[in-house]
Amino acid sequence: MMALLRALLALLQRDLLLAVRRRQDALVVLGFFVVVVSLFPLGVGPDPQLLRSMAPGVLWVSALLATMLSLERLFADDFRDGSLEQLLLTPQPLPLLVLMKILAHWLVTGLPLVLISPLLGMQLNLDGAEIVVLMTALLLGTPILSLVGAIGAGLTLGLRGGGVLISLLILPLYVPALIMGSGAVDAVMYGSSPEAHLSLLAALLIFTLLLAPWAIAAALRIMLD
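Reading the values: rules and limits
- Residues numbered from 1 in each chain as written.
- Predicted model: local features only at pLDDT ≥ 70, side-chain atom pairs only at ≥ 80, totals over all residues.
- Heavy atoms only, no water.
- UniProt positions renumbered as here; feature names shortened; annotations may be inferred.
- Salt bridge = Lys/Arg side-chain N within 4 Å of Asp/Glu carboxyl O.
- Helix = DSSP H or I, 4+ residues; strand = E, 2+ residues; numbered from the N terminus.
- Buried < 20%, exposed > 50% of the residue type's maximum accessible area, 1.4 Å probe, protein only.
- 1 Å grid on protein atoms, 1.4 Å probe; cavity = no way out; pocket = protein on both sides within 12 Å on 5 of 7 lines; lining within 4 Å.
- Points joined across faces, edges and corners; volume = space filled by probe spheres on them.
- Nonpolar A, V, L, I, M, F, W, Y, C, P; charged D, E, K, R; others polar.
- Expected span 1.5 Å × (residues − 1).
- Arc of directions from axis to C-beta.
- Contact = heavy atoms within 4.5 Å.
- Core = buried A, V, L, I, M, F, W, Y, C linked by side-chain atoms within 4.5 Å.
- Axes fitted to C-alpha atoms, helices over the stretch in contact; angles between N-to-C directions.
- Parallel < 35°, antiparallel > 145°, perpendicular 65-115°, else oblique.
- Left-handed = near helix turned anticlockwise from the far one by under 90°.
- Polar contact = N/O pair within 3.5 Å; in protein donor to acceptor, adjacent residues only side chain to side chain.

Labelled according to an unreviewed UniProt entry, the protein appears under the name Heme exporter protein B, originating from Ectothiorhodospira marina. UniProt lists a comment for the protein under the heading Function (unreviewed entry), and it reads "Required for the export of heme to the periplasm for the biogenesis of c-type cytochromes." Quoted straight from UniProt, the Subcellular location (unreviewed entry) entry for the protein says "Cell inner membrane".

Following this line, the structure appears as structure tokens:
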């Protein structure tokens, strides 16, 4: 058990260190999120009520698209340098190793989106309660985006035009998280409780955590055989 824990922490530390060295990848994701959200007021006009009504969908779709920017490289660099094959040969369970890689990916790409969302929410005229629910929904939802996206990244590993294929594969799978995440903010906006949406989002996160690592591990084995 201690050997497994050390291996998982070493892999997490390695991926975070590589992300720090390639910080431009994370900055591109964050910059894309900020720019896309900031363009909407310029396109639809400065009407505060219109911006407020559009804010949940705009923020969630922007976060979804920003997350997808980094998915193609989730396993590609390890595949090119042979590190991925070494992971498959280790005695540690591959689903747990994959989960550590996805955790590192979320810490670098998903968590910054959650942290900057209050500023963008204020830009779109959301009030304090709505921003709190928005952050909670993104905190539950962005790991789902990383986990589901990693399935697509595993299935398209080494294929030409993998980024386009990832989009075609996983965009339909993102719909439940998108509906529940934006619906939670809409519920607060119109005087209802967001608990139902957030509970479903949390249940979806648990379901994805239990199944996605196994699906990703199977996809990687298939693509590397």
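A. Local environment of the pattern of salt bridges. For the coordinates displayed, the defined rule picks out 10 salt bridges. Among the salt bridges present, the one from D77 reaches R80, with a minimum N-O distance of 2.4 Å. On the criterion of helical spacing, the pair formed by D77 and R80 is a turn pair, its members being 3 residues apart in helix α4 (residues 76-81). For R80, a relative accessible area of 60% corresponds to the exposed category. A single salt-bridge network, built from bridges that share partners, covers R22, D25, R73, D77 and R80.

B. The layout of surface pockets, seen in detail. In this model, the largest pocket occupies a volume close to 440 Å³. Those elements that provide at least two residues to the lining of the largest pocket are α1 (2-21), α2 (23-44), α4 and α6 (94-123). Of the residues contributing to the lining of the largest pocket, the split by class is 9 nonpolar, 3 polar and 8 charged.

C. Region of interest: the UniProt feature "transmembrane region" (unreviewed entry) in the protein. UniProt feature "transmembrane region" (unreviewed entry): in the numbering of this structure it lies at residues 27-45, 96-120, 132-158, 164-188 and 200-224. End C-alpha to end C-alpha, residues 200-224 measures 35 Å, and it is 100% helix and 0% strand.

D. Region of interest: α1. Between its terminal C-alpha atoms α1 stretches 28 Å, which fits the 28 Å expected from 20 residues at 1.5 Å a residue. For α1, the set of buried residues is L8, L11, L12, D15 and A19. Taken around the axis of α1, the buried residues stretch over an arc of 95°, which confines them to a single face. Facing away from the buried side of α1 by more than 90 degrees, the exposed set consists of M2, R6, Q13 and R21. Buried positions along α1 lie against α2, α5 (83-89) and α6.

E. The nonpolar core, seen in detail. Counting residues in each nonpolar core, the largest one holds 61 residues, and the members touching the most others are F33, L59, F75, Y174, L201 and I216. Secondary-structure elements contributing two or more residues to this core are α1, α2, α3 (48-69), α5, α6, α7 (128-155), α8 (162-189) and α9 (195-224). Sort the elements by how many residues they give to this core and α7 lands first, with 12 residues. Leaving out residues up to four positions away in the same chain, L59 has contacts with F33, V37, L120, G121, L124, L126 and L134.

F. Representation of the packing of α3 against α6 within the structure. Interhelical geometry of α3 versus α6 gives an angle of 155° and a closest axis separation of 11 Å. Considering the angle they form, α3 stands roughly antiparallel to α6. Relative to α6, α3 is oriented so that their crossing is right-handed. For the pair α3 and α6, the contacting residues are L59, A63, A66 and T67 in the first and H105, L113, L120 and G121 in the second.

G. How the structure looks around the side chain of H105. As for its position among the elements, H105 is in helix α6. A distance of 3.2 Å separates a polar atom in the side chain of H105 from a polar atom in the side chain of S146. Those residues in contact with H105 that lie beyond four places of it in its chain are T67, S70, L71, L74, G110 and S146.

H. Here's a closer look at the environment of L168. Inspection of the secondary structure assignment puts L168 in helix α8. With a relative accessible area of 61%, L168 lands in the exposed category. For L168 and I216, which are 48 residues apart along the polypeptide, the C-alpha to C-alpha distance reads 17 Å.

I. Spatial organisation of the side chain of S62. Note on placement: S62 falls in helix α3. Ignoring sequence-local partners within four residues, the contact set of S62 consists of F32, F33, V36 and V37.

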